[in-house]
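Examination of the molecular architecture
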Amino acid sequence: MHRRDQRHEFASDNTAAICPEVLAALEEANHGAADSYGDDERTGHVRELVRDVFETDCDAYLVFNGTAANALALAQLCQPFHSVVCHNHAHIQTDECGAPEFFTRGSKLLLVRGAAGKIDIHEADAMIARQPEVHAHKPRVISVTQATEFGTVYTHDEIKAITELGRKREILVHMDGARFANAVAALGCSPKEITWQIGVDVLCFGGTKNGAAAAELVIFFKKELSFEFNYRLKQAGQLASKTRFLAAQWLGLLTKDVWLRNARHANATASRLADRLRAAGKIDIVLPVEANAVFVRLSEQLALDLQSRGWHFYKFIEPDVYRLMCSWATTDAEIDRLTADMLR
Ligand SMILES: *Cc1c(COP(=O)(O)O)cnc(C)c1O
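Residues numbered from 1 in each chain as written. Predicted model: local features only at pLDDT ≥ 70, side-chain atom pairs only at ≥ 80, totals over all residues. Heavy atoms only, no water.

**Focus: the nonpolar core**
Grouped together as the largest cluster of nonpolar side chains are 58 residues, with contacts concentrated most on Phe205 and Ile219. Among the elements that take part in this core, helix H10 (residues 243-254) stands out by supplying eight residues, more than any other. Here this core spans two domains, since at least three of its residues come from each of domain 1 (20-257) and domain 2 (258-343). Here Ile219 is in contact with Val50, Phe54, Cys58, Asp59, Ala60, Asp201, Val202, Leu203 and Phe205, once residues within four sequence places are set aside. (Core = buried A, V, L, I, M, F, W, Y, C linked by side-chain atoms within 4.5 Å. Buried < 20%, exposed > 50% of the residue type's maximum accessible area, 1.4 Å probe, protein only. Helix = DSSP H or I, 4+ residues; strand = E, 2+ residues; numbered from the N terminus. Domains from an automatic or database assignment. Contact = heavy atoms within 4.5 Å.)

What follows is the structure in structure tokens.
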């Protein structure tokens, strides 16, 4: 019998279930009454833990999803006549239905290319320099995705180069960290080393793909940037009234470094998958495997064959590159079975 929980899932890290620690934290929060709209104890506790994890005094807000986190963070930083420099495959450009443009009420995304999902710094600099004063939107933010949409991870120095460009050009740095945990796990660094310490101003820290049900953090490292952000959240329908349940999810992730453990696990399974495929030498891995995704070139026939066997994944780059995404829930046994089917 085909049971839903027996799907073989490599489509995304958001198809995974809620991790046990988050579920337990939700259960634990589900007793009695609590203050609403962020005034509850758990939300306060999450804010403290975020300050501990980042080792700095910062402002953190809870929202339901990553699109809102990005769009509202950018709206907070931009006037309608501002622009945001980002990669042409950035989630804010390709997958948010224009939410950044909508919530900023007119800001423009300036698209730059770059290998493996990373912004080409020279192209970004030239793009900014090229904007004719007063006649074009004024560049205000550069947005980097960490880990990238292509499963790669910016190194400390690569981020630093971008923040230095930001400083030189007087623009702010936003980080889309839907998979920030995977990046930290991959780099083996502390969160501060790749954020505020080198000049990242705002981080959207993803919880959902890490093991939560629906909860992302928007973290402002410069407090003056978060002025009246609560109003923006409320107006956008992103201020939960029962914030304790968003907060509980993050308590589940931040307590005992579950977020890091989940990310390390997801990365390790992707790396196991990549190692198996490399060892067999039959399937082309087309991008560096640095976080929890493996991008492979497959014939249409093999892709269809795998899908008919119940493996879920999809084509990411035309004509023949598919993404295999691992999560906290991916098991070694699944990797073994998938590679057996891929290499049969
Ligand atoms: C998943 C993802 C998001 C958030 O998407 P939502 O579906 O709105 O939660 C943002 N950025 C990147 C790079 C993502 O992969």
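Next comes the rest of the write-up.
**Overview of the domain arrangement of the protein chain**
The parts lose accessible area when they come together, and the size of an interface is often stated as this lost area. Each domain of the protein chain was delimited in the assignment, giving domain 1 (20-257) and domain 2 (258-343). If you average the C-alpha positions of domain 1 and of domain 2, the two centres end up 27 Å apart. Of the residues lining the interface, 27 residues belong to domain 1; the matching set on domain 2 comes to 21 residues. When domain 1 packs against domain 2, close to 1900 Å² is buried across both sides, 60% of that on carbon and sulfur atoms. Among the residues of domain 1 in contact with domain 2, Phe150, Asn182 and Asp257 are the three that bury the most area, contributing 26% of the side total. Linking domain 1 with domain 2 are one salt bridge, by the criterion used here. Taking the shortest distance from any N to any O, the salt bridge between Arg261 and Glu21 comes out at 2.5 Å. Where domain 1 touches domain 2, the interface holds 14 residue pairs in polar contact (both at pLDDT 80 or more). Taken together, the elements giving at least two residues each to the side of domain 1 that touches domain 2 come down to helix H1 (20-29), helix H8 (180-187) and H10. Counting residues per element, the side of domain 1 that touches domain 2 draws most heavily on H8, at five residues. (Buried area = accessible area lost by both parts, 1.4 Å probe. Salt bridge = Lys/Arg side-chain N within 4 Å of Asp/Glu carboxyl O. Polar contact = N/O pair within 3.5 Å; in protein donor to acceptor, adjacent residues only side chain to side chain.)

**Brief notes about the layout of surface pockets**
Considered as a void within the structure, the largest pocket measures approximately 580 Å³ in volume. The wall of the largest pocket is formed by 31 residues, among which His91, Asp95, Arg179, Lys209 and Arg323 lie closest to the centre. Only helix H3 (66-77), helix H4 (91-94), strand E6 (172-177), strand E7 (202-206) and strand E12 (314-317) provide two or more residues apiece to the lining of the largest pocket. The residue inventory of the lining of the largest pocket, partitioned by class, reads 10 nonpolar, 13 polar and eight charged. No fewer than three residues from each of domain 1 (20-257) and domain 2 (258-343) sit in the lining of the largest pocket. Of the pockets and cavities examined, the second largest pocket occupies roughly 390 Å³. Ile128, Glu133, Lys138, Pro139 and Arg169 are the residues nearest the centre of the second largest pocket, which is lined by 17 residues in total. Of all the secondary-structure elements, those providing two or more residues to the lining of the second largest pocket are helix H6 (121-130), strand E5 (138-145) and helix H7 (156-169). At three residues, the largest contribution of residues to the lining of the second largest pocket is made by E5. (1 Å grid on protein atoms, 1.4 Å probe; cavity = no way out; pocket = protein on both sides within 12 Å on 5 of 7 lines; lining within 4 Å. Points joined across faces, edges and corners; volume = space filled by probe spheres on them. Nonpolar A, V, L, I, M, F, W, Y, C, P; charged D, E, K, R; others polar.)

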